[in-house]
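Observations on chain architecture
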Amino acid sequence: MRGHLAWRAGATAETLRTAAVACLEAACRTGLTAQPMMEEVKECTVLLPALIEDDAEMTRLFACSVVQCVATTYTCLIDTKTLHTLADKVLKRLDDVARAVRLKAAHVLSVLFQNLPEGYDVTLNTAYLQDLCKDALIFLDDPDEQLQEAVCEWLERMKVVCPDILMKLLESEAHKFRNAHICHTLITTMKTLHLT
């Protein structure tokens, strides 16, 4: 299976890649955590960034699902570098041509930040988290209301991960959005949480 996940030119290779990542997704969904499975998933995780950007829509969609499985079942495989790499690639899919991929990516972002890697240092990664949140904020003005809601869900997650970073960003960026009320709602709930 792993051999077909790597990018190769041609329609046949593309079809095999889609089939291989679909099999990987099905395998991950079983939740098996035996050592051979863990090793296989670890090897395949290295190939996920490229699969998330594949030309084939179904490959991108399955790759996002695999990231979701890894983030929920195989959390020990995600260190800080892997988290940042996967988050960057998934964030870019918010601008995908396929609506299904965009919505899936927004959901996967929330899942990725549910269980941070052991020893994850928010202060050390301030610049990264600020850029990530800033890039995601743009989609609060997306014409697709479902995507807006999904991005808002992720920001709800980030107000737990990095409240100070998000608060400063929301306060400085809110005026730029047509849907500024979403930013103001987040600011209000964060201030309420801070007071209680």
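What counts and how
Residues numbered from 1 in each chain as written. Predicted model: local features only at pLDDT ≥ 70, side-chain atom pairs only at ≥ 80, totals over all residues. Heavy atoms only, no water. Helix = DSSP H or I, 4+ residues; strand = E, 2+ residues; numbered from the N terminus. Rg over C-alpha atoms; globule rule 2.2 N^0.38 Å. Buried < 20%, exposed > 50% of the residue type's maximum accessible area, 1.4 Å probe, protein only. Contact = heavy atoms within 4.5 Å. Lys, Arg positive; Asp, Glu negative; His and termini not counted. Charge placed at Lys NZ, Arg CZ, Asp CG, Glu CD. Polar contact = N/O pair within 3.5 Å; in protein donor to acceptor, adjacent residues only side chain to side chain. Axes fitted to C-alpha atoms, helices over the stretch in contact; angles between N-to-C directions. Parallel < 35°, antiparallel > 145°, perpendicular 65-115°, else oblique. Left-handed = near helix turned anticlockwise from the far one by under 90°. Nonpolar A, V, L, I, M, F, W, Y, C, P; charged D, E, K, R; others polar. Core = buried A, V, L, I, M, F, W, Y, C linked by side-chain atoms within 4.5 Å. Domains from an automatic or database assignment. Phe/Tyr/Trp six-rings, centres within 6.5 Å; stacked < 30°, edge-to-face > 60°. Buried area = accessible area lost by both parts, 1.4 Å probe. Salt bridge = Lys/Arg side-chain N within 4 Å of Asp/Glu carboxyl O.

1. Overview of the overall build of the chain
- Counting its secondary structure elements, the chain contains eleven helices and zero strands.
- Along the chain direction, N to C, the helices and strands of the chain fall in the order α-α-α-α-α-α-α-α-α-α-α.
- Taking 2.2 N^0.38 as the reference for a compact globule, 196 residues should give roughly 16 Å; the C-alpha atoms of the chain span a radius of gyration of 18 Å, in line with that estimate.
- Expressed as a percentage of the 196 residues in the chain, the buried residues total 50%.
- By sequence separation, contacts in the chain at least 24 residues apart represent 69% of the contacts at least 6 residues apart.
- Looking at the chain, you have 20 positive and 27 negative side-chain charges, and the mean spots of the two groups are 1 Å apart.

2. Remarks on the side chain of H84
- Relative to the helices and strands, H84 is located in helix 6 (residues 80–92).
- There is a polar contact of 2.7 Å between the side chain of H84 and the side chain of Y120.

3. Some remarks on the packing of helix 8 (residues 126–137) against helix 9 (residues 145–161)
- Where helix 8 contacts helix 9, the axes come no closer than 10 Å and their chain directions differ by 155°. Judged by the angle between their axes, helix 8 and helix 9 are roughly antiparallel. Taken as a pair, helix 8 and helix 9 cross one another with a handedness that is left-handed. Residues L129, L132, C133, A136 and L137 of helix 8 form the contact with helix 9, whose participating residues are V151, W154, L155 and M158.
- For the contact of helix 8 with helix 9, the class distribution of residues is nine nonpolar, no polar and no charged.

4. A closer look at the nonpolar core
- L94, L112, F113, W154 and M158 are the most contacted members of the largest nonpolar core, which has 66 residues in total.
- In terms of residue count, the dominant contributor to this core is helix 9 (eight residues).
- Residues lining this core come from more than one domain, with at least three contributed by each of domain 1 (8–120) and domain 2 (121–195).

5. What about the environment of T45?
- Its location among the elements puts T45 in helix 3 (residues 35–45).
- The buried category is assigned to T45, whose relative accessible area is 8%.
- Linking T45 and L137, residues 92 residues apart in sequence, is a C-alpha distance of 27 Å.
- Dropping the residues within four chain positions of it, T45 is found in contact with V70 and T82.

6. Regarding the packing of aromatic side chains
- Across all of its chains, the model carries one aromatic pair by this definition.
- Consider the rings of F113 and W154, whose centres lie 6.0 Å apart with planes at 65°: the pair is edge-to-face. With F113 in the loop between helix 7 (99–112) and helix 8 and W154 in helix 9, this pair connects stretches of sequence that are 41 residues apart. A single burial state applies to F113 and to W154, both of which are buried.

7. What about the domain arrangement of the chain?
- On domain assignment, one finds that the chain holds domain 1 (8–120) and domain 2 (121–195).
- Residue-level contacts link 18 residues of domain 1 with 20 residues of domain 2.
- For the domain 1 face of the interface with domain 2, the top three residues by lost area are L91, F113 and Y120, together amounting to 31%.
- Summed over the shared surface of domain 1 and domain 2, the number is two salt bridges.
- In this structure, the salt-bridge partner of D144 is R99, at a minimum N-O distance of 2.5 Å.
- At the boundary of domain 1 and domain 2, one finds eight residue pairs in polar contact (both at pLDDT 80 or more).
- Contributing elements (two or more residues each) for the side of domain 1 that touches domain 2: helix 6 and helix 7.
- Ranked by residue count, the leading element in the side of domain 1 that touches domain 2 is helix 7, at six residues.
- A breakdown of the residues in the side of domain 1 that touches domain 2 according to their chemical character gives nine nonpolar, five polar and four charged.

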